[in-house]
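Listed below are the residues making up each chain.
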Amino acid sequence: MLKIRQTNPTEAMLGLASPSSISIWWNGGSILGLLLGFQILTGLILSMHYTSDMANAFSSVVHIIRDAPMGWLMRNLHANGASLFFVFIYLHVGRGLYYQSYATQSHTWMVGVTILFVSMGTAFLGYVLPWGQMSFWGATVITNLVSAIPYLGHYIVEWIWGGFSVGQATLNRFFSLHFILPFLIGGLSALHVVFLHEKGSTNPLGDLNHISKIPFHPYFTWKDAVGFIVVFVMLGLLGFFYPFILGDPDNFIHANPMVTPVHIQPEWYFLFAYAILRSIPSKLGGVIALVMSIAILYFLPMSASQKIIPSSFNPLYQVLFWVLIVEFILLTWLGACPIEEPYSTLAVPLTFLYFISYTALVGSSMMWPKIIKY
C-alpha cells in the first residue's frame, strides 16, 4: 500500500518550487511581513504606556519618550516603521503593476489592494493618537469628508466622532481600532499568500508555467535575509539619527481646537490622494476621487485580458508605467504644497492624467500585440 508522506507547513514553504529568474523586486512581500510583525510588537509595547484620554494622551507620549525605558526608541521605530511599511507597499504594488500581476494573479491582487486600504486606515488612526495639533485637525478634516455622503453623511460623521466634534469618544475608538486592525491585516496577508501559492509566483516575463524552478530554501531565504538587513539598517538610521524627518513640527504642540494650523496636511504617504481631493471643487466629487485613487486598482484584473504581452517586450507599457510613477510623485509633492497658485492649478491636470494612465496601461497591454503584428 502506497504511503503518502505528510509535510508540515514549514517544510512546504522551504521546499516551495520558485522561478529561478525572479529578482530582488520579489522581496517586497517578505519585507512587508517582517515590518508588519515589527509594527505589532512595538505597538504592543507602546500601548502599555499610552493613555487614550484627551487630557493625558499628549502627556503620555511625552512620558514614553522621556521616562519609559527605551521608550524613545520604541516610539521612533514605530512611527518610522509605518513610513517604511508604506515605502515597501508602494514598491510592491508598483512591481505588480509593472509585471502585470493583476492579469495572472487576480485573486492575490484583489486581496493585496484590500490590505492596502486597511493599512491606510490603520495608519490614519495611529496618526491621531499622539493628540498633537496636526493629529487633531487631520482627524477633524478627514472624518468630516464623510459628511459629503448624501442624506446620511452628517449622521455617520457624528457616529464616528461619538458626539458633535472630535473628542474623547473619538480618541477611544481610534485607539481600539488601531490596536485591532493590524491583526486583520495579518489575516489578509495569510490569505494573500494562500492565493499566491495556488498558482505560484510569476517571473519578469509574467509567465506561470516556468521551465526552470528551484526550491525556495536556500536560494531565496538568503536573498530575503539580505533584504531584512537593509530594512533594519534603514530603521536604525531613521530611529537613531533622523527620527522626525518624516513628521510634522505642528504635532509637537498639544491639540488645541481653538487654533487651526496654517497648513493642514496628512502624512507623506497620503499626500498624493490629498492632492487629488483638493483638486476637485465639489466636496462629494473630491471624496469619490480620493477613494477611487486607490480603488481603481480593483478594476485592473476585471479589465485586463489574459492574452497580454509581458511588459519586458512592451515599450509602450513601460513608458506609460513610468509616466504614472512621475504623476504619483508630483501629486505627492503638490499635496504638501500650500493651497495657492500655481500648485492648485497644477493638481487638476495631474489628477486627470493619473486616472487616465491606468486605463492607458491596461489598453496598451492589449493593443501592443496588434501594433507589432502590423
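Small disclaimer: the values here were computed from a predicted structure and weren't measured.

### Notes on the nonpolar core
And then number 1: By size, the foremost hydrophobic cluster in this structure holds 85 residues, and its most contacted members are Leu 97 and Phe 272.
And then number 2: At 13 residues, helix α4 (residues 71-98) tops the list of elements feeding residues into this core.
And then number 3: Looking at this core, you find at least three residues from each of domain 1 (24-206 + 215-257) and domain 2 (265-373).
And then number 4: Ignoring sequence-local partners within four residues, the contact set of Leu 97 consists of Tyr 102, Trp 109, Leu 300, Tyr 317, Phe 321, Leu 324, Tyr 358 and Leu 361.
And then number 5: Judged by nonpolar contacts, the second largest core, of 5 residues, contains Leu 145, Ala 148, Tyr 274 and Leu 277.

### Considerations on unusual backbone geometry
And then number 1: Cis rather than trans, the peptide bond between Glu 341 and Pro 342 has omega equal to 5°.
And then number 2: Tracing the backbone shows Pro 342 in the loop between α13 (315-335) and α14 (343-373).
And then number 3: With a phi angle near 70°, Tyr 151 is a residue other than glycine that sits in the positive phi range.
And then number 4: Here Tyr 151 lies in the loop between α7 (133-144) and α8 (153-161).

### Quick notes on α4
And then number 1: The first and last C-alpha atoms of α4 sit 40 Å apart over 28 residues, in line with the 40 Å expected at 1.5 Å per residue.
And then number 2: Summarising burial for α4: 23 of the 28 residues are buried, a large majority.
And then number 3: Note on α4: the residue one or two positions beyond its end, Gln 100, has a positive phi of about 60°.

### Considerations on the packing of helix α6 (residues 106-128) against α7
And then number 1: Viewed as axis vectors pointing N to C, α6 and α7 meet at an angle of 135°, and their least axial separation amounts to 8 Å. Regarding the angle of α6 to α7, the classification is oblique. Across from Phe 124, Tyr 127 and Val 128 in α6, the residues of α7 making contact are Met 134, Ser 135, Gly 138, Ala 139, Ile 142 and Thr 143.
And then number 2: Residue classes in the contact of α6 with α7 are distributed as 6 nonpolar, 3 polar and no charged.

### A look at a nonpolar patch on the surface
And then number 1: Taken together, the side chains of Ile 65, Met 70, Trp 72, Ile 229, Val 233, Leu 237, Phe 240, Phe 241, Tyr 242, Ile 245 and Leu 246 define a hydrophobic patch exposed on the protein surface, amounting to about 1,100 Å² of accessible area.
And then number 2: Relative to the elements of secondary structure, Val 233 occurs in helix α10 (residues 219-241).
And then number 3: Using a relative accessible area of 47% as the deciding quantity, one classes Val 233 as partly exposed.

### So, the packing of aromatic side chains
And then number 1: Inspection of every chain in the model, using the stated rule, returns 27 aromatic pairs.
And then number 2: Chaining the aromatic ring pairs together yields one cluster made of Phe 85, Phe 86, Tyr 90, Trp 268, Tyr 269, Phe 270, Phe 272, Phe 328, Tyr 354, Phe 355 and Tyr 358.

### Things to note about the packing of helix α11 (residues 271-279) against helix α12 (residues 283-303)
Any two packed helices are characterised by the angle at which their axes cross and by the distance between the axes.
And then number 1: It is the contact of α11 with α12, at a shortest axis distance of 8 Å, that shows an interaxial angle of 150°. Judged on the interaxial angle alone, α12 and α11 are roughly antiparallel. For α11 against α12, the interelement crossing comes out right-handed. Two secondary-structure elements touch here, α11 through Phe 272, Ala 273, Tyr 274, Ile 276 and Leu 277 and α12 through Gly 286, Val 287, Ala 289, Leu 290, Ser 293 and Ile 294.
And then number 2: The residue makeup of the contact of α11 with α12, split by class, is 9 nonpolar, 2 polar and no charged.

### Things to note about α8
And then number 1: Along α8, the positions that sit buried rather than exposed are Gly 153, Val 157 and Trp 161. Seen end-on, α8 carries its buried residues on one side only, within an arc spanning 70°. Opposite the buried face of α8, by more than 90 degrees, sit the exposed residues Tyr 155 and Trp 159.
And then number 2: Downstream of α8 by one or two residues, Gly 162 has phi in the positive range, about 75°.

### Considering the UniProt feature "binding site: heme b b562" (unreviewed entry) in the protein chain
And then number 1: When the UniProt feature table is mapped onto this chain numbering, "binding site: heme b b562" (unreviewed entry) sits at His 78 and His 178. Look at the named residues: they lie 101 residues apart in sequence, but the longest C-alpha span between them is just 12.9 Å, so in the fold they bunch up.
And then number 2: Within the secondary structure layout, His 78 lies in helix α4.
And then number 3: His 78 gets classed as buried once you look at its relative accessible area, which sits at 16%.
And then number 4: Apart from residues no more than four positions distant in its own chain, His 78 is found in contact with Gln 39, Thr 42, Gly 43, Leu 46 and His 178.
And then number 5: Secondary-structure assignment places His 178 in helix α9 (residues 168-199).
And then number 6: Given the relative accessible area of 18%, His 178 is considered buried.
And then number 7: Ignoring sequence-local partners within four residues, the contact set of His 178 consists of His 78, Thr 122, Leu 125, Gly 126 and Leu 129.

Each value, and the rule that gives it
Residues numbered from 1 in each chain as written. Predicted model: local features only at pLDDT ≥ 70, side-chain atom pairs only at ≥ 80, totals over all residues. Heavy atoms only, no water. Core = buried A, V, L, I, M, F, W, Y, C linked by side-chain atoms within 4.5 Å. Buried < 20%, exposed > 50% of the residue type's maximum accessible area, 1.4 Å probe, protein only. Helix = DSSP H or I, 4+ residues; strand = E, 2+ residues; numbered from the N terminus. Domains from an automatic or database assignment. Contact = heavy atoms within 4.5 Å. Expected span 1.5 Å × (residues − 1). Axes fitted to C-alpha atoms, helices over the stretch in contact; angles between N-to-C directions. Parallel < 35°, antiparallel > 145°, perpendicular 65-115°, else oblique. Nonpolar A, V, L, I, M, F, W, Y, C, P; charged D, E, K, R; others polar. Patch = residues over 30% accessible without salt bridge, like charges linked within 9 Å, V, L, I, M, F, W, Y side chains within 5 Å. Areas by Shrake-Rupley, 256 points an atom, 1.4 Å probe, with all protein chains shown as cover. Salt bridge = Lys/Arg side-chain N within 4 Å of Asp/Glu carboxyl O. Phe/Tyr/Trp six-rings, centres within 6.5 Å; stacked < 30°, edge-to-face > 60°. Left-handed = near helix turned anticlockwise from the far one by under 90°. Arc of directions from axis to C-beta. UniProt positions renumbered as here; feature names shortened; annotations may be inferred.

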